[in-house]
Amino acid sequence: MADESQPAAPVPPDDPGRALTHVRPDTDESLRHIGIVGDTYTILVSGQDTAGRYTLIDMHVPPGGGPPPHRHDFEEMFTILDGEIELTFRGVTAVARVGDTVNVPANAPHVFRNATDHPARLLCLCSPSGQEEFFTAVGVPVANRTEPPPVLDDAGTAAFIAKATALAPQYRTELLAR
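The structure reproduced in this document is the subject of the present report. (Residues numbered from 1 in each chain as written. Predicted model: local features only at pLDDT ≥ 70, side-chain atom pairs only at ≥ 80, totals over all residues. Heavy atoms only, no water.)

Glancing now at unusual backbone geometry. Cis geometry is found at the peptide bond from Ser127 to Pro128, where omega equals 0°. Position of Pro128 among the secondary structure elements: in the loop between strand E10 (120-127) and helix H1 (131-138). (Helix = DSSP H or I, 4+ residues; strand = E, 2+ residues; numbered from the N terminus.)

In structure tokens:
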């Protein structure tokens, strides 16, 4: 439905400086695979590809995996491709299964985890983009879409938490207490 309060504007001309993005997450060697919080996130489409409009991330979440409670000022949508995740949104927990799509509104506190004994795979769309840069800043590069990040000892975990907490505001994200 068109917004009647705004006059219709013509569609802008094509920008030939922007290219078609076509990736294959299991074989494309140009993709960034980031290990973070025990998960592996593959940046399929970055903000650089979309003029900052969105980013699309392929998430491999092993049993027990998932981020800590957090919130951010951008929309985040998940489509479950394999397995299932337990999502807690504003204190209410639900399970999302294969084929389900969940949209998390900007600024809402949430957390998800894989509560099963099988890996889960999610597509995560963030709009506008930027979340991929946060993951790159705090995570570690890994070789492929399913390679887990190195296991951190207590000192490594503390250093990761300190780094993520310090950088989160630069990426419009707030980490919340468990």
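Of all seven residues that make up strand E2 (residues 39-45), seven are buried, and the element is covered over most of its length. In this structure, strand E1 (residues 32-36) lies alongside E2, joined through five bridges in antiparallel fashion. In the strand pairing of E2, His33 is matched with Thr42. Count of turn residues in the E1/E2 antiparallel hairpin: two residues, of which Val37 carries a positive phi of about 45°. (Buried < 20%, exposed > 50% of the residue type's maximum accessible area, 1.4 Å probe, protein only. Pairing = 2+ DSSP bridges.)

Position of Met59 among the secondary structure elements: in strand E3 (residues 55-61). Distance in space between the C-alpha atoms of Met59 and Glu147 is 11 Å, their sequence separation being 88 residues.

Before going further, it helps to spend a moment on the nonpolar core. Residues Met59, Phe112, Leu122 and Phe135 are the most contacted members of the largest nonpolar core, which totals 26 residues. Of all the secondary structure elements, the ones that give two or more residues to this core are E1, E2, E3, strand E5 (75-82), strand E6 (84-89), E10, H1 and helix H2 (154-167). If one sorts the elements of this core by residue count, E10 sits on top with four residues. Apart from residues no more than four positions distant in its own chain, Leu122 is found in contact with Ile57, Asp58, Met59, Val61, Phe78, Thr79, Ile80, Leu81, Ile85 and Phe112. (Core = buried A, V, L, I, M, F, W, Y, C linked by side-chain atoms within 4.5 Å. Contact = heavy atoms within 4.5 Å.)

Here the focus is the packing of aromatic side chains. Scanning all chains against the criterion turns up four aromatic pairs. Ring centres of Tyr41 and Phe135 lie 4.8 Å apart, and the angle between their planes is 50°; on these two criteria the pair is classed as tilted. Placement of the pair is Tyr41 in strand E2 and Phe135 in helix H1, with a sequence separation of 94 residues. For Phe135, a relative accessible area of 7% corresponds to the buried category. Between Phe134 and Phe135 the ring centres are 6.3 Å apart and the planes differ by 40°, which places this aromatic pair in the tilted class. One aromatic cluster is present, formed by Tyr41, Phe134, Phe135 and Tyr171 through successive ring pairs. (Phe/Tyr/Trp six-rings, centres within 6.5 Å; stacked < 30°, edge-to-face > 60°.)

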